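# A structural walkthrough
Residues per chain, in single letters:
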Amino acid sequence: QKEVEQDPGPLSVPEGAIVSLNCTYSNSAFQYFMWYRQYSRKGPELLMYTYSSGNKEDGRFTAQVDKSSKYISLFIRDSQPSDSATYLCAPGSSNTGKLIFGQGTTLQVKP
Amino acid sequence: DTAVSQTPKYLVTQMGNDKSIKCEQNLGHDTMYWYKQDSKKFLKIMFSYNNKELIINETVPNRFSPKSPDKAHLNLHINSLELGDSAVYFCASSQGKDQPQHFGDGTRLSIL
């Protein structure tokens, strides 16, 4: 079992839809959680990060962490074609200083 | 004014050669990383330096040797390149080991 699991997709939605991207993890030592967006042939770009359970909102993006069930979500409201990319979840441990990346979910937003 | 820059962007070379990849960050961060992203898009940590000290050294062949001449630079030297080394190598930096990491755009290494 991988430490971090993500459905690779692709996930295809119409423009304006609400998108839900999800991750599960197995290591209860993870203390902080990051979401990255990666466009083709580019480096991962930090979208959101949180150090606690609950919700964190930034514009159209909401990150949700449930440490009790080891479940991480990223919601995108009013999705745009420019949101088409691969989304990577990455929980990390302060003890090791390591981020463990999921495989990423490829999102396609159709105009 | 790129925050994390890597050179070269593309590297095509023959098996058995030795090559280096360079990384520089202008964010004032004290921690830098090397990651490898394989063909299935898995991004895996290889090394990390904090203030020029090696703090993460994953199970990586010893043909890979990182070097950090100062806080703003982290280089990766690879000896005796093998076909399996073909991947995209990303450099990243952060202000502290549990802070958000910022990535460069990668070096695409192809071994012939």
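These notes cover the structure that comes with them.

Reading the values: rules and limits
- Residues numbered from 1 in each chain as written.
- Chains lettered and ligands numbered in written order.
- Predicted model: local features only at pLDDT ≥ 70, side-chain atom pairs only at ≥ 80, totals over all residues.
- Heavy atoms only, no water.
- Pairing = 2+ DSSP bridges.
- Helix = DSSP H or I, 4+ residues; strand = E, 2+ residues; numbered from the N terminus.
- Phe/Tyr/Trp six-rings, centres within 6.5 Å; stacked < 30°, edge-to-face > 60°.
- Buried < 20%, exposed > 50% of the residue type's maximum accessible area, 1.4 Å probe, protein only.

### Observations regarding the sheet that holds strand 6 (residues 54-58) of chain A
The strands making up a sheet associate through hydrogen bonds between their backbones, and the pairing can be parallel or antiparallel. Residues and elements named next belong to chain A. Strand order across the open sheet formed by five strands is 1-3-8-7-6, with antiparallel pairing between neighbours. Both outer strands of the open sheet, strand 1 (4-5) and strand 6, are each paired with one neighbouring strand and no more. Bridge count between strand 3 (residues 19-25) and strand 8 (residues 71-76): six bridges; the pairing is antiparallel. Note on strand 8: the bridge partner recorded for N22 is S73.

### Thoughts on the pairing of strand 8 of chain A
Residues and elements named next belong to chain A. Where strand 7 (residues 61-66) lies against strand 8, six bridges are found, and the strand directions are antiparallel. Within strand 8, the residue paired with V65 across the bridge is I72. Where strand 7 hands over to strand 8, the hairpin turn is made up of four residues, of which K70 adopts a positive phi near 55°.

### Considering the packing of aromatic side chains
Going through the model one piece at a time under the given rule, you end up with twelve aromatic pairs over all chains. On the basis of an interplanar angle of 85° and a centroid distance of 5.4 Å, the ring pair of A:Y36 and B:F103 is categorised as edge-to-face. Residue A:Y36 is found in strand 4 (residues 32-38), and its partner B:F103 is found in strand 10 (residues 102-103); the two belong to separate chains. For the pair A:Y36 and B:F103, a shared accessibility class is recorded, and that class is buried. Where A:Y49 meets A:Y51, the ring centres are 5.9 Å apart and the plane angle is 85°; that geometry is what we call edge-to-face. Residue classification places A:Y51 among the partly exposed positions, given a relative accessible area of 34%. Through successive ring pairs, a cluster of aromatic residues spans A:Y36, A:F101, B:Y33, B:Y35, B:F90 and B:F103.

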